[in-house]
Amino acid sequence: VTQSPVCRSYSHPQHDQTLFEERYLRYISPLGKGNFGSVELCRYDPLGDNTGELVAVKKLQSNKQSNLEDFQKEVNTLHVLHCDYIVKYKGVCYSMGRLSMSLVMEYLPYGSLIGYLEKNKDNINTRRMLLFASQICKGMEYLQSLRYVHRDLAARNILVASETLVKIADFGLTKVIPHNKDYYRVTQPGESPIFWYAPESITESRFSQKSDVWSFGVVLHEIFSYCDIKYNPKRLYMQEIGHNVLGTSISVHLANLLKGNWRLPQPSNCPPKVYPLMRQCWAHDFDERPYFSDLGNQIETMIQDERE
Ligand SMILES: N#CCCn1cc(-c2nc(Nc3ccc(C4CCNCC4)cc3)nc3c2CCN3)cn1
């Protein structure tokens, strides 16, 4: 049994069954869309009596070879992650004679933070929002201890396991930082979530632990805006940039906005100490941004203060 320093979870070398037979995987309903694929609720029911367990199955979008390789990397990434604050890998299901594959994961009943916060905003207090934020920090600390960069940290990719537990999900864009560098340079940016990106990711496709910290600041903004669509980061940035920008790309305008030190505004009922935390994450110079361990400590202190 090994214990990771920050996740306090145990990874037993369990011989969990990791191969799911397609014929027993019964489709129930759609759950959402992620990078490279859609996610469905299924019941794995080999006995055929509806006693099987509910699972979340991520199907590969298209059988394009490149996507299959990227999907295989996502599966390999999730398989090695054992942390209470990261969605659990269960196994894979091959179909079409191993031509296509699906990723089988634990099903989290409350869905993503986006829907959950909006729906329950009236009975979620600051303490619970700070608890969620500290759990994301712990999950990210664990991820970084294995030299992973998530690259798509956003409220849409944070899932709610229970009223007091959230988990990081969707490792479709996750990369491992090579040992001789402290950043990852992406070649094909693809359709990037630029409104969650740090300046250096927008302008140089440079991703690091500190660019994930920037995105965490945006997640904090989403949490303390209750993921209200009116205050969604893309909408707030586009209002500032102006919807009728022509010619030069949005990312050039966004990069200039951030260079000029414009930042997402303080959410309306955001506790006074939380906005400065977001601003720390949004330091233009990535060396000035805090580590997830620092952020976690500051948030734990705020949780204590909330209790008194
Ligand atoms: N991340 C990411 C982006 C891709 N993505 C991942 C999932 C996912 N959803 C759930 N659970 C889930 C999802 C939605 C609902 C409801 C919400 C209200 N409206 C109806 C649906 C309920 C429960 N459990 C999961 C996963 C992955 C592993 N376990 C969904 N989209």
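A quick note: this is a predicted structure, and the numbers were derived from the prediction, not measured.

**Student:** Lay out the overall build of the chain with the relevant residues and their values.
**Tutor:** Within the chain, the secondary structure is distributed over 9 helices and 13 strands. A compact globule built from 308 residues would reach a C-alpha radius of gyration of about 19 Å, and the chain, at 20 Å, matches this within 12%. Dimensions of the chain, computed from the C-alpha atoms along their principal axes, are close to 60 × 50 × 40 Å. Counting the 308 residues in the chain, one finds 50% classified as buried. When contacts within the chain are restricted to residue pairs at least 6 apart in sequence, long-range pairs at least 24 apart make up 63% of them. Accessible area for the chain stands at about 15,100 Å²; split by element, carbon and sulfur atoms hold 51% of it.

**Student:** If you had to explain the confidence of the model for the chain to someone new, which residues and values would you point to?
**Tutor:** Within the chain, residue pLDDT values average 91, and 92% of them lie at 70 or more. Across the interface, the model reports ipTM at 0.98; the global pTM reads 0.92.

**Student:** An account of the site of the ligand is requested, with residue identities and associated values reported.
**Tutor:** Every one of the 18 residues lining the ligand counts as a neighbour, but Glu106, Leu108, Gly111, Leu159 and Ala169 are closest to it. Between the ligand and the protein, one listed contact pairs a nitrogen atom with a backbone N or O atom of Leu108 at 2.7 Å. For the ligand, the protein covers 75% of the area, taking 630 Å² as the surface of the free molecule. Judged by the proximity of its atoms to the pocket grid, the ligand belongs to the largest pocket.

**Student:** Now, about the packing of aromatic side chains: what can you tell me, with residues and values included?
**Tutor:** Across all of its chains, the model carries 10 aromatic pairs by this definition. With a centroid separation of 5.7 Å and an interplanar angle of 90 degrees, the aromatic rings of Tyr110 and Tyr116 are classed as edge-to-face. When its relative accessible area of 36% is taken as the criterion, Tyr110 is described as partly exposed. Linked through ring pairs, Phe20, Tyr24 and Tyr44 together constitute an aromatic cluster. In this arrangement the basic side chain of Arg151 is found over the ring face of Phe207, its NZ or CZ atom lying 4.2 Å from the centre. Across the ring face of Tyr291, the terminal group of Lys210 is positioned such that the distance to the ring centre comes to 4.1 Å.

**Student:** For the nonpolar core, give the residues involved together with the corresponding values.
**Tutor:** By size, the foremost hydrophobic cluster in this structure holds 81 residues, and its most contacted members are Leu78, Ile86, Leu113, Ile136, Leu153, Phe216 and Phe224. In terms of residues, this core owes the most to one element, helix α3 (residues 126-145), which gives 9 residues. The contacts of Phe216, once residues within four sequence positions are left out, are Ala133, Ile136, Cys137, Leu153, Cys281, Phe292, Leu295 and Ile299. Phe20, Leu25, Cys93 and Val104 belong to the second-largest nonpolar core, a separate cluster that totals 8 residues.

**Student:** So what's going on with the sheet that holds strand β6 (residues 89-95)? Residues and values would help.
**Tutor:** The sheet built from 5 strands is open, its strands ordered β3-β4-β5-β7-β6 with antiparallel pairing. In this open sheet, the two strands that pair with only one neighbour each are β3 (25-34) and β6. In this sheet, neighbouring strand axes are inclined to one another by 30 degrees on average, regardless of whether the strands run parallel or antiparallel. The pairing of β3 with strand β4 (residues 37-44) spans 8 bridges and is classified as antiparallel. Among the inter-strand pairings, Arg26 is bridged to a residue of β4, identified as Arg43.

**Student:** Pulling in residues and values, what's your account of α3?
**Tutor:** Along an α-helix, a turn takes 3.6 residues, which lines up residues three or four apart on a common side. Look at α3: 28 Å from first C-alpha to last across 20 residues, which is about the 28 Å you get at 1.5 Å a residue. With 15 of 20 residues buried, α3 is to be regarded as a mostly interior element.

**Student:** I'd love a proper account of the pairing of strand β7 (residues 100-106), names of residues and values included.
**Tutor:** Counting buried positions along β7 yields 7 of 7 residues, so the element is predominantly enclosed. With 5 bridges connecting them, strand β5 (residues 53-60) and β7 associate as antiparallel partners. Residue pairing in the sheet places Val55 in a bridge with Glu106 of β7.

**Student:** Tell me about the layout of surface pockets, and name the residues and values.
**Tutor:** When its volume is computed, the largest pocket comes out at roughly 1,400 Å³. Lining the largest pocket are 49 residues; nearest its centre among them are Lys33, Gly34, Asn35, Lys58 and Asp170. Only β3, β4, β5, α1 (65-80), β7 and β11 (175-176) provide two or more residues apiece to the lining of the largest pocket. The greatest single-element share of the lining of the largest pocket, amounting to 5 residues, is contributed by α1.

**Student:** Tell me about the packing of helix α5 (residues 209-223) against helix α9 (residues 292-307), residues and numbers included.
**Tutor:** At a minimum axis separation of 10 Å, α5 and α9 run at an interaxial angle of 30 degrees. The orientation of α5 relative to α9 falls into the category roughly parallel. Taking contact as the criterion, the partners of Gln209, Asp212, Val213 and Phe216 in α5 are, on α9, Phe292, Leu295 and Ile299. For the contact of α5 with α9, the class distribution of residues is 5 nonpolar, 1 polar and 1 charged.

So, how was this worked out
- All residue numbers refer to positions counted from 1 along the written sequence of the respective chain.
- Selection of residues for local features in this predicted model requires a pLDDT of at least 70, selection of side-chain atom pairs for listing and counting requires 80 or more, and totals for whole chains, interfaces and linings are taken over all residues.
- Remark: hydrogens and water are excluded; side-chain values derive from all non-hydrogen atoms of the structure.
- In this description a helix means any DSSP run of H or I spanning at least four residues, a strand means any run of E spanning at least two, and both kinds are numbered starting from the N terminus.
- Computation of the radius of gyration draws on C-alpha atoms alone. For the globule rule, the value is 2.2 Å times the number of residues to the power 0.38.
- Think of it in three bands: residues with accessible area under 20% of the maximum for their type are buried, residues over 50% are exposed, and the middle band is partly exposed, with areas taken using a 1.4 Å probe on protein chains only.
- It only takes one pair of heavy atoms within 4.5 Å for two residues to be counted as in contact.
- Every accessible area reported is derived by Shrake-Rupley at a probe size of 1.4 Å, with residue values counting cover from the shown protein chains alone.
- Predictor confidence is given residue by residue as pLDDT, running from a minimum of 0 to a maximum of 100.
- Summary of the distance rule: residues count as near a molecule or strand when at least one heavy atom falls within 4 Å of that molecule or strand.
- Here a polar contact is taken to be a pair of N or O atoms separated by no more than 3.5 Å, where protein atoms must pair a possible hydrogen donor with a possible acceptor and residues adjacent in sequence count only if both atoms sit in side chains.
- Definitions used for this entry: grid spacing 1 Å over protein atoms alone; cavity, a set of points where a 1.4 Å probe fits but cannot get out; pocket, an open set with protein on both sides within 12 Å along at least 5 of 7 lines; lining residue, one with an atom within 4 Å of a point.
- Pocket or cavity membership: a molecule qualifies when more than half of its atoms sit within 2 Å of the grid points of that site.
- A pair of Phe, Tyr and Trp rings is counted when the ring centres sit within 6.5 Å of each other, with Trp represented by its six-membered ring. The angle between the planes then sorts it: under 30 degrees is stacked, over 60 is edge-to-face, the rest tilted.
- Charge over a ring is defined by NZ of Lys or CZ of Arg lying within 6 Å of the ring centre and within 35 degrees of the ring normal.
- In these notes, a set of buried Ala, Val, Leu, Ile, Met, Phe, Trp, Tyr and Cys residues joined through side-chain atoms within 4.5 Å is what counts as a nonpolar core.
- Pairing between strands requires that DSSP locate at least two bridges from one strand to the other.
- Here an angle of 0 to 180 degrees is reported between the N-to-C directions of two axes, which are lines fitted to C-alpha atoms, with helices fitted over the stretch in contact.
- To estimate how far a helix should extend, the number of its residues minus one is multiplied by 1.5 Å.
- Grid points are joined across faces, edges and corners, and a volume is the space filled by probe spheres set on the points.
- Our angle categories are set so that under 35 degrees counts as roughly parallel, over 145 as roughly antiparallel, 65 to 115 as roughly perpendicular, and the remainder as oblique.
- Each residue receives one of three labels: charged for Asp, Glu, Lys and Arg, nonpolar for Ala, Val, Leu, Ile, Met, Phe, Trp, Tyr, Cys and Pro, and polar for the others, Gly being one of them.

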